Amino acid sequence: AQSVTQPDIHITVSEGASLELRCNYSYGATPYLFWYVQSPGQGLQLLLKYFSGDTLVQGIKGFEAEFKRSQSSFNLRKPSVHWSDAAEYFCAVEGYVGIQGAQKLVFGQGTRLTINP
Amino acid sequence: DTGVSQDPRHKITKRGQNVTFRCDPISEHNRLYWYRQTLGQGPEFLTYFQNEAQLEKSRLLSDRFSAERPKGSFSTLEIQRTEQGDSAMYLCASSRRGTTQYFGPGTRLTVL
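If you're wondering where the values come from, they're calculated on a predicted model, not measured in any experiment.

## Re the state of the cysteines
Next, step 1: This structure, assessed with the given rule, holds two disulfides over all chains.
Next, step 2: Disulfide pairing is shown between C23 of chain A and C91 of chain A; the S-S distance is 2.0 Å. Taking the sign of the S-S torsion, -65 degrees for the link of C23 of chain A and C91 of chain A, the bridge is left-handed. Here C23 of chain A is found in the loop between β3 (19-21) and β4 (24-26), whereas its partner C91 of chain A is found in strand β10 (residues 87-97), with 68 residues between them in sequence. Take C23 of chain A and C91 of chain A: they sit in the same class, and that class is buried.
Next, step 3: Linked covalently through their sulfurs, C23 of chain B and C92 of chain B form a disulfide whose S-S length is 1.8 Å.

## Observations regarding the side chain of S73 of chain A
Next, step 1: Structurally, S73 of chain A is set in strand β9 (residues 73-78).
Next, step 2: In this view, S73 of chain A contacts C23, N24, Y25, E66, F67 and K68 of chain A; residues no more than four positions away in its chain are not counted.

## With respect to the sheet that holds strand β8 (residues 75-79) of chain B
All names here are of chain B.
Next, step 1: With antiparallel pairing, four strands are arranged side by side in an open sheet as β1-β3-β8-β7. Since the sheet does not close on itself, it has two edges, and those belong to β1 (5-7) and β7 (65-68), each with one partner. Between one strand axis and the next, the sheet turns through 15 degrees on average, direction left out of account.
Next, step 2: Relative to β8, strand β3 (residues 19-24) is paired through five bridges, and the arrangement is antiparallel. Looking at the pairing, V19 lines up with I79 of β8.

Thresholds, definitions, all that
- Residues numbered from 1 in each chain as written.
- Chains lettered and ligands numbered in written order.
- Predicted model: local features only at pLDDT ≥ 70, side-chain atom pairs only at ≥ 80, totals over all residues.
- Heavy atoms only, no water.
- Disulfide = S-S within 2.5 Å.
- Helix = DSSP H or I, 4+ residues; strand = E, 2+ residues; numbered from the N terminus.
- Buried < 20%, exposed > 50% of the residue type's maximum accessible area, 1.4 Å probe, protein only.
- Contact = heavy atoms within 4.5 Å.
- Pairing = 2+ DSSP bridges.
- Axes fitted to C-alpha atoms, helices over the stretch in contact; angles between N-to-C directions.

Printed below as a string of structure tokens:
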């Protein structure tokens, strides 16, 4: 079964500092991987996705992520964080369920990002 | 493209009452998903529609839960005889086949 682990429940960084959020996945085939961001009380916004090709993917708001098959990782990075980046970040892998192969996203527990001024 | 919308955004109910939530997907998205998110956790898959057909239901979806998507457009999720353990954020997402899922703002359910 597919699974996602986000080892860091809470990270605090200073505004302007660099950021890396870790994500490890378990999936038998080539994974489709996603990072979503969620502000308090809101739904999820897609930051970026990896389907195939270049292992370094660029997303919105200056985020990027690198797919490393050998490490089963898909870490999210940003060179310089802004106070508005404070939110919950979720890594997800797309899997299939049931005999009809319905798609579903399997999410990690999330990492809460706090920004110090 | 107006995005996925959900109604209501918040619902407070007493234990034992029935509640119904609505999701309007992005137009022309034939796939619609429901997820549940409890405090401090990532969303968990509940069920999935392709057009009007409900193709998969998670074991998380007890008999008290029912979802419909008449005519393959909007969807409703009903919870009968609510329990305090049903308190969560209920998220709806939609997609076209083989593409990214886009999420709505969610419905926050509080069962007293």
